[in-house]
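Spelled out, the chains give:
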Amino acid sequence: IEERYDCGNVHFSYVDMTLNIGDGSHTFRIDRLLHVDGRKRPLIIVNNFHHMEDSHYFPREEMSEYDVDFLMFCYKDISSDDGDFSTGIAPLLLPDGQKTDDTCGKIGIWAWAAMRVLDYALTLPSTDGDNVMISGHSRLGKTALLAGALDERFYCAFSNNSGCSGAAISREKDGET
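Since this is a predicted model, take the numbers as computed values, not measurements. (Residues numbered from 1 in each chain as written. Predicted model: local features only at pLDDT ≥ 70, side-chain atom pairs only at ≥ 80, totals over all residues. Heavy atoms only, no water.)

S.K.: Would you explain the packing of aromatic side chains in this entry?
M.R.: The description of an aromatic ring pair rests on the distance of the ring centres and on the angle between the ring planes. The tally for this structure, following the rule as stated, stands at three aromatic pairs. Between Phe 28 and Phe 73, the aromatic rings sit 6.2 Å apart at their centres with planes inclined by 65 degrees, giving edge-to-face as the arrangement. Note that Phe 28 is positioned in strand β3 (residues 24–35) and Phe 73 in strand β5 (residues 69–74), a separation of 45 residues in sequence. On the basis of an interplanar angle of 80 degrees and a centroid distance of 5.5 Å, the ring pair of Phe 49 and Tyr 75 is categorised as edge-to-face. With Phe 49 in the loop between β4 (41–48) and α1 (60–63) and Tyr 75 in the loop between β5 and α2 (90–93), the pair connects residues that are 26 residues apart, well separated along the chain. (Phe/Tyr/Trp six-rings, centres within 6.5 Å; stacked < 30°, edge-to-face > 60°. Helix = DSSP H or I, 4+ residues; strand = E, 2+ residues; numbered from the N terminus.)

Below, the structure is given as structure tokens:
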């Protein structure tokens, strides 16, 4: 699939990324919204709840008008959002696919995957390697903050509402609104 925006100057496409870890591998999709004029641009890696569908959450055509490129991946392609560590890449990263007191949880797994997307981003000729950012919303905002803290190659990390125990202090919140 390839779609063109901004008079053909920006292309939407996707690639499959395969990570080989030990004796196993895991493949997931990276959506790309890239300018094609040969100039280096800032890039935002978006870890998201869905693929880069054309929606009011991520309107591809409108986003293509900014002087920035985007890579996006869906967290569910990395590992499910539950206590099951046997899905996606989790069993390749955790001993016997089991979380222990010494291993990370899902946010750590998603952050690690975001850093692998960054590895890929830095191979693209259009990526300004000094200006790669990561973003996310809610628990994926926490993921973006963790990836930014762990990998100094990210210029910055920004979270859209990382919620309780995220960027904001949990102020007597008990799950009630």
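Structure's up, so let's keep going.
S.K.: Looking at this structure, how should I read unusual backbone geometry?
M.R.: In this structure, Ser 138 is a non-glycine residue whose phi angle is positive, near 60 degrees. Mapped onto the elements, Ser 138 comes out in the loop between β6 (127–137) and α4 (139–150).

S.K.: Just checking my understanding: could you explain α4 for this structure?
M.R.: An α-helical segment advances 3.6 residues per turn. Residues three or four places apart therefore align on the same side. For α4, spanning twelve residues, the distance from its first C-alpha to its last is 17 Å, which sits close to the expected 16 Å at 1.5 Å a residue. Looking at the packing, one finds that the buried side of α4 touches β4, α3 (106–121), β6 and β7 (156–160). (Expected span 1.5 Å × (residues − 1). Contact = heavy atoms within 4.5 Å.)

S.K.: Would you mind going over the pairing of β4 with me for this structure?
M.R.: Along any regular strand, the residues point their side chains to alternate faces of the sheet. The buried fraction of β4 amounts to seven of the eight residues, a majority that puts the element mostly inside the structure. Bridging between β4 and β6 involves five bridges; their strand directions are parallel. Bridging from a neighbouring strand, Ile 44 pairs with Met 133 of β6. Relative to β5, β4 runs parallel, the two sharing six bridges. Bridge pairing links Val 46 to Met 72 in β5. (Buried < 20%, exposed > 50% of the residue type's maximum accessible area, 1.4 Å probe, protein only. Pairing = 2+ DSSP bridges.)

S.K.: Honestly, the environment of Ser 159 in this entry has me stumped. Any pointers?
M.R.: Position of Ser 159 among the secondary structure elements: in strand β7. Here Ser 159 falls in the partly exposed class, since its relative accessible area comes to 24%. Between the C-alpha atom of Ser 159 and that of Ser 138, which follows or precedes it by 21 residues, the distance is 7.4 Å. In this structure Ser 159 touches Gly 136, Gly 141, Lys 142 and Leu 145, once residues within four positions along its chain are discounted.

S.K.: How do you make sense of the pairing of β7 when you look at a structure like this?
M.R.: Judged from the five bridges that link them, β6 and β7 form a sheet pairing that is parallel. Bridge pairing in β7 places His 137 opposite Asn 160. Regarding the hand of the β-α-β motif, the stretch spanning β6, α4 and β7 is right-handed. (Right-handed = clockwise from strand over helix to strand, strands pointing away.)

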